[in-house]
Amino acid sequence: TLVTPATLTYGNDGLDIRNLTLLVDAGRVSLSGQAGSTLALKASAAGVPLAAFDLVLPGLGLSGVADGEATIGGTPANPTGAWRARLQRVNAPQMRNFGLPALEVAGSGRLSGGRTSLDVTINAGTGNTVRLAGSAPLALDGPLDVKIDGALDARLANSMLSVSGRHAAGSL
C-alpha cells in the first residue's frame with residue numbers, strides 16, 4: 001500500500017523518485033533519489049515481514065522481520081555507497097521441520113569497484129554464531145573472497161538424527 005502520494009519523474013537525467021513509501025503489512029519500505037547515468041538513491045526498510053516474499057514466491061513460507069538501509073551513489077556500472085541489513089527471527093519451513101532455531105542475521109558493507117565488502121554475523125541460538133567477512137562481486141560471475149569463522153553446536157543436528165536413533169555432540 002502506498003503511504004502518501006509519490007512522484008516519479010522520467011527525464012533526460014533518468015528517473016527522479018520522491019516520497020515513495022510502501023506499507024508491507026506492518027513494515028515500511030522507502031526509496032528516494034535519482035537513478036540515471038549517475039545514482040543518488042536512499043532506500044530503507046523497517047519491520048518488513050519476510051512472509052511478504054510469498055507474494056513473489058508463493059509457498060516460500062519464510063517468517064521473521066527485515067530492517068535495513070542503503071545509500072547508493074556512483075554509476076549503474078560502478079555503484080558506490082554503504083548498506084546495512086538486519087533480519088530477526090528468520091525461519092523457513094525446512095528449518096521448522098528439522099527443529100532448528102530461528103536465525104538472527106546482521107550485516108553491513110560498502111559498494112566499490114564492482115564489489116561489496118561484507119561483515120555479516122549469523123546467530124542460531126546459544127553457541128551457534130558464524131561470521132562472514134570479506135567481499136563479494138556485484139555481478140554473478142565474479143570471485144568470492146570471504147572468510148567464515150565461528151562455532152556451531154553439533155546438537156543442532158539431533159532432531160534430524162534422532163529419527164534413526166543417533167545423536168551428535170561437540171562443536172564445529
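These notes cover the structure that comes with them. (Residues numbered from 1 in each chain as written. Predicted model: local features only at pLDDT ≥ 70, side-chain atom pairs only at ≥ 80, totals over all residues. Heavy atoms only, no water.)

### Concerning the sheet that holds strand β8 (residues 115-123)
The test is simple: Each pair of strands is called paired provided DSSP finds at least two bridges between the two strands. Secondary structure elements follow DSSP: runs of H or I no shorter than four residues count as helices, runs of E no shorter than two count as strands, and numbering proceeds from the N terminus. Angular values range over 0 to 180 degrees, each being the angle between N-to-C directions of two axes fitted as lines to C-alpha atoms, with helices fitted over their stretch in contact.
Read across the sheet, 10 strands follow the order β1-β2-β3-β4-β5-β6-β7-β8-β9-β10 without closing on themselves; strand pairing throughout is antiparallel. Two strands in the sheet have a free side with no partner beyond their single neighbour: β1 (7-11) and β10 (145-151). On average, each strand axis in the sheet is tilted by 10° relative to the strand beside it, whichever way the strands run. Across eight bridges, strand β3 (residues 27-35) lies against strand β4 (residues 39-49) in antiparallel orientation. Across the sheet, Val 29 pairs through a bridge with Ala 45, a residue of β4.

### A short note on a nonpolar patch on the surface
The line we're drawing: Note that patches include only residues with greater than 30% relative accessible area and no salt bridge, and the join distances are 9 Å for like charges and 5 Å for nonpolar side chains (Val, Leu, Ile, Met, Phe, Trp, Tyr). Note on areas: Shrake-Rupley, 1.4 Å probe, and residue coverage restricted to the protein chains presented here. Between Lys or Arg on one side and Asp or Glu on the other, a salt bridge is scored when a side-chain nitrogen of the former is within 4 Å of a carboxyl oxygen of the latter. A simple rule labels every residue: compare its accessible area, found with a 1.4 Å probe on the protein chains alone, to the largest value its type can have, and call it buried under 20%, exposed over 50%, or partly exposed in between.
Taken together, the side chains of Phe 53, Leu 55, Val 56, Leu 57 and Leu 60 make up a nonpolar region of the molecular surface, amounting to roughly 530 Å² of accessible area. In this fold, Val 56 is placed in the loop between β4 and β5 (63-74). For Val 56, a relative accessible area of 64% translates into the label exposed.

### Some thoughts on the environment of Arg 155
Operational definition: Two residues qualify as a contact provided that any one of their heavy atoms is within 4.5 Å of a heavy atom in the partner residue.
Take Arg 155: it is sitting in the loop between β10 and α2 (158-161). Sequence separation between Arg 155 and Arg 115 is 40 residues, and the spatial gap between their C-alpha atoms is 36 Å. If near-sequence neighbours (up to four positions away) are discounted, Arg 155 is found in contact with Ala 168 and Ala 169.

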